[in-house]
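Coordinate inspection notes
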Amino acid sequence: MAMNTGGRLVAGSHNRKEFVLINADEIGSIKSVQELSGQTCKICGDEVEITLDGELFVACNECAFPVCRPCYEYERKEGNQSCPQCKTRYKRIKGSPRVEGDEDEDSVDDLEHEFDYGDFEDSGFTHSAGVINSAYRGSASSASTSRHHHSSSQGLEFPLLTYGDEDAETAYNENAIIVPPYASHGNGIHQPNSGTTTPLHPRPMVPEKDLALYGYGSVAWKDRMEEWKRRQEENLQVVKHQGSSDGGDFDGSEIDSDLPTMDEGRQPLSRKLPIASSKINPYRLIIVLRLVVLGLFLHYRILNPVPDAQGLWMTSVICEIWFAVSWILDQFPKWYPIERETYLDRLSLRYEKEGKPSELADIDVFVSTVDPMKEPPLITANTVLSILAVDYPVDKVSCYVSDDGAAMLTFEALSETSEFARKWVPFSKKFNIEPRAPEWYFCQKMDYLKNKVHPAFVRERRAIKREYEEFKVRINRLVAMAEKVPEEGWTMQDGTPWPGNNVRDHPGMIQVFLGHDGVRDIEGNELPRLVYVSREKRPGFEHHKKAGAMNSLIRVSAVLSNAPYLLNVDCDHYINNSKAMREAMCFMMDPTSGNKICYVQFPQRFDGIDRHDRYSNRNVVFFDINMKGLDGLQGPIYVGTGCVFRRQALYGFDAPAKKKRPSKTCNCWPNWCCLLCNSRKKNKKDKKKSKHREASKQIHALETIEEGIEGEMSIIGQPLISQEKLEKKFGQSPVFVNSTLVQNGGAPMSVSSTSRLQEAIHVISCGYEDKTEWGKEVGWIYGSVTEDILTGFKMHCHGWRSVYCMPTRPAFKGSAPINLSDRLHQVLRWALGSVEIFLSKHCPIWYGYGGGLNWLERLSYINSVVYPWTSIPLIVYCTLPAICLLTGKFIVPEISNYAGIIFMALFISIAATGILEMQWGKVGIDDWWRNEQFWVIGGVSAHFFSLIQGLLKVLAGVSTNFTVTSKGADDGEFSELYVFKWTSLLIMPTTLLIINVIGVVVGIADAVNNGYESWGPLFGRLFFAIWVIVHLYPFLKGLSGKQERVPTVIVIWSVLLASILTLVWVRINPFVSRDGPILEICGLDCDN
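Conventions we followed
Residues numbered from 1 in each chain as written. Predicted model: local features only at pLDDT ≥ 70, side-chain atom pairs only at ≥ 80, totals over all residues. Heavy atoms only, no water. Helix = DSSP H or I, 4+ residues; strand = E, 2+ residues; numbered from the N terminus. Buried < 20%, exposed > 50% of the residue type's maximum accessible area, 1.4 Å probe, protein only. Contact = heavy atoms within 4.5 Å. Areas by Shrake-Rupley, 256 points an atom, 1.4 Å probe, with all protein chains shown as cover. Pairing = 2+ DSSP bridges. Core = buried A, V, L, I, M, F, W, Y, C linked by side-chain atoms within 4.5 Å. Axes fitted to C-alpha atoms, helices over the stretch in contact; angles between N-to-C directions. Parallel < 35°, antiparallel > 145°, perpendicular 65-115°, else oblique. Nonpolar A, V, L, I, M, F, W, Y, C, P; charged D, E, K, R; others polar. Patch = residues over 30% accessible without salt bridge, like charges linked within 9 Å, V, L, I, M, F, W, Y side chains within 5 Å. Salt bridge = Lys/Arg side-chain N within 4 Å of Asp/Glu carboxyl O. Expected span 1.5 Å × (residues − 1). pLDDT = per-residue confidence, 0-100. Phe/Tyr/Trp six-rings, centres within 6.5 Å; stacked < 30°, edge-to-face > 60°. Lys NZ or Arg CZ within 6 Å of the ring centre and 35° of its normal.

**Things to note about the overall build of the protein chain**
Of regular secondary structure, the protein chain possesses 32 helices and 21 strands. Within the protein chain, buried positions represent 51% of all 1088 residues. Long-range contacts, defined as pairs at least 24 residues apart, comprise 78% of the intrachain contacts of the protein chain with a sequence gap of at least 6. When the accessible surface of the protein chain is summed, it comes to about 51,200 Å², and 55% of that surface belongs to carbon and sulfur atoms.

Written out as structure tokens, the structure is:
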């Protein structure tokens, strides 16, 4: 679809009935692209295979009715064993398993495949009611009358053939191909085979009827057969060419046995790769042993109090019990870790056939930004350029940039980006470069000539690099101009005032930069659509920050393009792997399991982080261990960026219900026994389904299946919903409401360009969500600053599952704060969101029962909202070592041999668990140790303050902010790492560090003063305190900055520390015996 707005901005407000096209000639017409795909098999639509003899597979020798082999096998095994066209009984073909009734046929014995039903079932062909693709090509009004009984066609599920009525085994909400009674025989009911019925004999066609009247068997049909043979041979040649890419001779012997039948394009597009048993089984064993040892440890600690330190003992035991529960919540969701592998070549074979339009699904990409002064426009521009240059059909990609700050700087920068994209996109695709974000491509420290053979590459690379540098200068000029805002506000080039001069009070704005008629790249090729969106904001309305902006993008994209899949990225996360969208489609469009996937989450990878990753910015343990564990359950949690969604899942629909596998009968029991069991099951099913029989009847002619069903809409397994309820759920936009019913996406043809733009302005108006379910059950969920966790949790509660995709080349890369203060504030925001969810009705401890949430997945979500509360026992536990050293007491009584064994076993199990996790998660020990350190640093600082902030916000309605003050910076690489920014979050870890250092000094001084006997008890206390200091060591380095520079604040803290230490020293006086001074008789009479 192309949209022409004259290259100008569309602004307006639905509530004020304003709609303005700024400085535009006229609104062009809307064109839609209809893709027609050829169909061969008259039942399922797949291509008819080529047999091993090189001939086209023919199921019926009487009328040559085109049926693929899986449908032929299914009809012989589960159907009435006859041709749907001429009703002649199917004869057994060599290689097919024998069924009842084949005994009367005179044919060559094929003992090898006599009862070979295993391969047939393993291929993914199941006995479930088939469904038919519905395409939304009609108007919204016609769609509402045709959305009753259609659901998406999924892969290898084929329609059941019935005659005159629905099959008794067909569910009321499933579609069957029903042939009218006049085209059937008998009573028109599909009769199952049984041992008591007489086998069906081959019935010849009506002798007086000409074969040509069937439409098959004529000369034209023979020509079609030849055409299909030719197409199969061409497809086979493509496979042969790919198999001989090494340049050697290819004689066909190296082709897999499945390739001649072209099954490669019909096989699953991805597969699970379970962790090797040699790694996962010891890991699970250690977890169980650690759980047992932990129970013994807590048993010992509870039953062995410390008489002279009851308070310390009780406090430590409570903290240890909490840590044990926290460990269980974190550990057991990692019980089933898996990895995944995708097959991009199969995706192309299945959906990108030569000579036909691509059948890959459309994708709408969302980029969100707010303040261009904090989120540099050049970074956003690189993200947009990487999206526009992605390796995906250009007519199926639409990029929507949400400017929630209504900044003219962002608008102008995006205009410059669209112009530079006309040069950058063809260069990227022509030479297949990676990454396709120019800033990161040109700064790569690698040989850019590697694997490049095009003679013009060097010349064109130099030219495009010069163009990019000029582009950067133009962007920098815009940034410099934006620092001084005119008193009268900004004006556009034609003199029109910028609609967003007042950030808190402005109309909605939409600008289509690319994708409209006449805008192509410098080589004349089409470009993906690029749309600027700034939602309306008015005083007195709640806008819900990022979640509200994302929901606005959902609605405006549904009106303009309505792609079935959505990709959301932050403005600083560019596409590092140009095939990232194809990787996601390998899961979403997989015919066997794709319909149950709500989103595909990619791991976050970052640029610009120092080699040692001092503050664990990469989060490697979380993304490479925890997320793999969740992928083996119901899927990973949504982390806010780098995620491809199914649009229907965001609309709050339930996942498709699981279809039961067909019941099987075996030859070891008498036929009458099987009939008795089947009759009981049928009676129960008939009672339940008779109520829905009339509502679910549909008649589809076979030629309708061939041509496709046009102008109809379907919801994924959803019951019929009235228009009133839909408007109450989705809002008062008829165009948008009708788009929610379209499973496969696509904007309606009947809506004019003007109406569509008006609807787009309408759906981003500030009052559109009032009295609807947006933010409650639909779209991104409101109620937390971490809307990502809440949104993913709601989808999993609806029965959906998610997938974790880790391609060899990282799909996305972004930037992360690398200095201590910014990192702590990032963690503070995440923890605050978890506290808000914990105190809301959506807390996973009590929400979502009775849905489709896996219980181990629930443990993971509980851990994600409970972990900030661990900061309280963690702070207490980190304070205990100093208290023990200063008081001379300890939390553990004198250790016996039994206690020593338990303690040693606990430490060994902890270390073994970490080692095995690093082994199967492919994580280095440095990353694992940095994660452990920052768990303590974040826990005693950001997590603790998030509790205070969250409780004040939720319970008292008081919003608090922690200011960050920059104290200096250095030039050079990673200079940001050494910037010291004082913030309140640093108080608690600094205090813990100081008191533990004091405790160590006092404890050692006391041991030196009291002699050898005091060193034994001291070791336990020292180990405890040193454990805290070592974990806080990165924090200490963050305070000191570079080693050659000592900030003033550190000097102040050092003086304060010295003063406190001096006072404590004088109070303790370690050189004086605790029993008082020893007075010796010197011989002098002092009294006299």
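**Here's the deal with the pairing of strand 19 (residues 812-815)**
By the alternation rule, side chains of strand 19 split into F812 and G814, which are all buried, and K813 and S815, of which none is buried. In the sheet, strand 13 (residues 573-575) pairs with strand 19 via three bridges, with the strands oriented antiparallel. By the bridge assignment for strand 19, I575 is matched with F812.

**Quick look at the nonpolar core**
Grouped together as the largest cluster of nonpolar side chains are 107 residues, with contacts concentrated most on V556, F645, Y651, F730, F736 and I891. Setting aside residues up to four positions removed in sequence, F736 forms contacts with I554, R555, A558, V559, Y651, F730, V763, Y768 and W774.

**Observations regarding the packing of helix 6 (residues 310-331) against helix 24 (residues 855-866)**
Two numbers describe how helix 6 lies on helix 24: the axes approach to 8 Å, and their chain directions differ by 130°. It follows from the interaxial angle that helix 6 and helix 24 lie oblique. Contacts from W322, S326, L329 and D330 of helix 6 reach helix 24 at L859, I862, N863 and V866. Each residue belonging to the contact of helix 6 with helix 24 can be placed in one class, and the counts come to five nonpolar, two polar and one charged.

**Quick word on the environment of P282**
Looking at the secondary structure, you find P282 in helix 5 (residues 277-303). Distance from P282 to T913, taken between C-alpha atoms, is 9.3 Å for residues 631 residues apart in sequence. The residues contacting P282, other than those within four sequence positions of it, are S277 and L916.

**Points about the pairing of strand 14 (residues 597-601)**
Moving residue by residue along a regular strand, the side chains alternate between the two faces of the sheet. Strand 14 sits mainly inside the fold: five of its five residues count as buried. Of the pairings in the sheet, the one linking strand 14 to strand 16 (residues 643-646) comprises three bridges and is antiparallel in character. Residue V600 lies in a different strand from strand 16, and its bridge partner there is V644.

**Remarks on the side chain of D631**
Checked against the element boundaries, D631 lands in helix 14 (residues 620-631). If near-sequence neighbours (up to four positions away) are discounted, D631 is found in contact with I338, R340, P636, R801, S802, V803 and Y804.

**Side note on the sheet that holds strand 19**
The sheet built from three strands is open, its strands ordered 13-19-15 with mixed pairing. For this open sheet the edge positions go to strand 13 and strand 15 (605-607), each flanked by a neighbour on one side alone. Looking at each pair of strands side by side, their axes are set apart by 40° on average, direction ignored. By the bridge criterion, three bridges tie strand 15 to strand 19 in an arrangement that is parallel.

**Some remarks on a nonpolar patch on the surface**
Residues V288, V292, L296 and Y898 make up a contiguous nonpolar surface patch of about 350 Å² in total accessible area. The element best represented in the nonpolar patch is helix 5, accounting for three residues. Position of V288 among the secondary structure elements: in helix 5. For V288, a relative accessible area of 41% translates into the label partly exposed.

**Some details on unusual backbone geometry**
Across residues other than glycine, the phi torsion is negative in most instances, and most of the peptide bonds are trans. Residue E434 is joined to P435 through a cis peptide bond whose omega torsion reads -10°. Here P435 lies in the loop between helix 9 (408-431) and helix 10 (438-442). Even without a glycine there, the phi angle at N432 is positive, about 50°. The residue N432 is located in the loop between helix 9 and helix 10 in this model.

**Looking at the pattern of salt bridges**
Evaluated as defined, the whole model comprises 31 salt bridges. Its salt-bridge partner being K334, residue D330 comes within 3.4 Å of it at the nearest N-O pair. Taking relative accessible area as the criterion, D330 reaches 26% and is therefore assigned partly exposed. According to the relative accessible area criterion, K334 is buried, its value standing at 3%. For E467, the salt bridge identified is with K423, shortest N-O distance 3.0 Å. Of the two residues, E467 is situated in helix 11 (residues 457-482) and K423 in helix 9; the sequence distance between them amounts to 44 residues. Take E467: its relative accessible area is 26%, and that puts it in the partly exposed class. Under the relative-accessibility criterion, K423 is labelled partly exposed at 28%. Connected through salt bridges with shared partners, the residues E352, D391, K579 and R582 form a single ionic network.

**What to know about helix 8 (residues 377-388)**
Taking 1.5 Å per residue, 12 residues should reach 16 Å; helix 8 reaches 16 Å between its end C-alpha atoms and fits that length. Counting buried positions over the 12 residues of helix 8 gives 11, a clear majority of the element. All buried positions along helix 8 are accounted for by P377, L378, T380, A381, N382, T383, V384, L385, S386, I387 and L388.

**Concerning the confidence of the model for the protein chain**
Counting all residues, the mean pLDDT for the protein chain is 75, and 67% of those residues have values of 70 or more. Here residues 238-262 is modelled with pLDDT under 50, and outside its nearest four sequence neighbours on either side it reaches 22 contacts, counting other chains as well. Counting interchain partners and residues more than four positions distant, the pLDDT-below-50 stretch residues 684-717 has 88 contacts.

**Here's the deal with the environment of V827**
By the secondary structure assignment, V827 is in helix 23 (residues 820-838). Classification of V827 by relative accessible area gives buried; the value is 6%. Placed 115 residues apart in sequence, V827 and A942 show a C-alpha to C-alpha distance of 6.2 Å. With sequence-adjacent residues up to four places away left out, V827 is seen in contact with F934, A942 and H943.

**Looking at the packing of aromatic side chains**
For the coordinates displayed, the defined rule picks out 45 aromatic pairs. Taking the centre distance of 5.4 Å and the plane angle of 90° together, the rings of F323 and Y877 count as edge-to-face. Of this pair, F323 sits in helix 6 while Y877 sits in helix 25 (residues 871-887), placing them 554 residues apart in sequence. Classification of Y877 by relative accessible area gives buried; the value is 14%. Each member of the aromatic cluster is reached from another via a ring pair, and the members are F420, W424, F427, F431, Y441, F442, F457, Y468 and F471. Taking NZ or CZ as reference, R555 lies 4.8 Å from the ring centre of W774, over its face.

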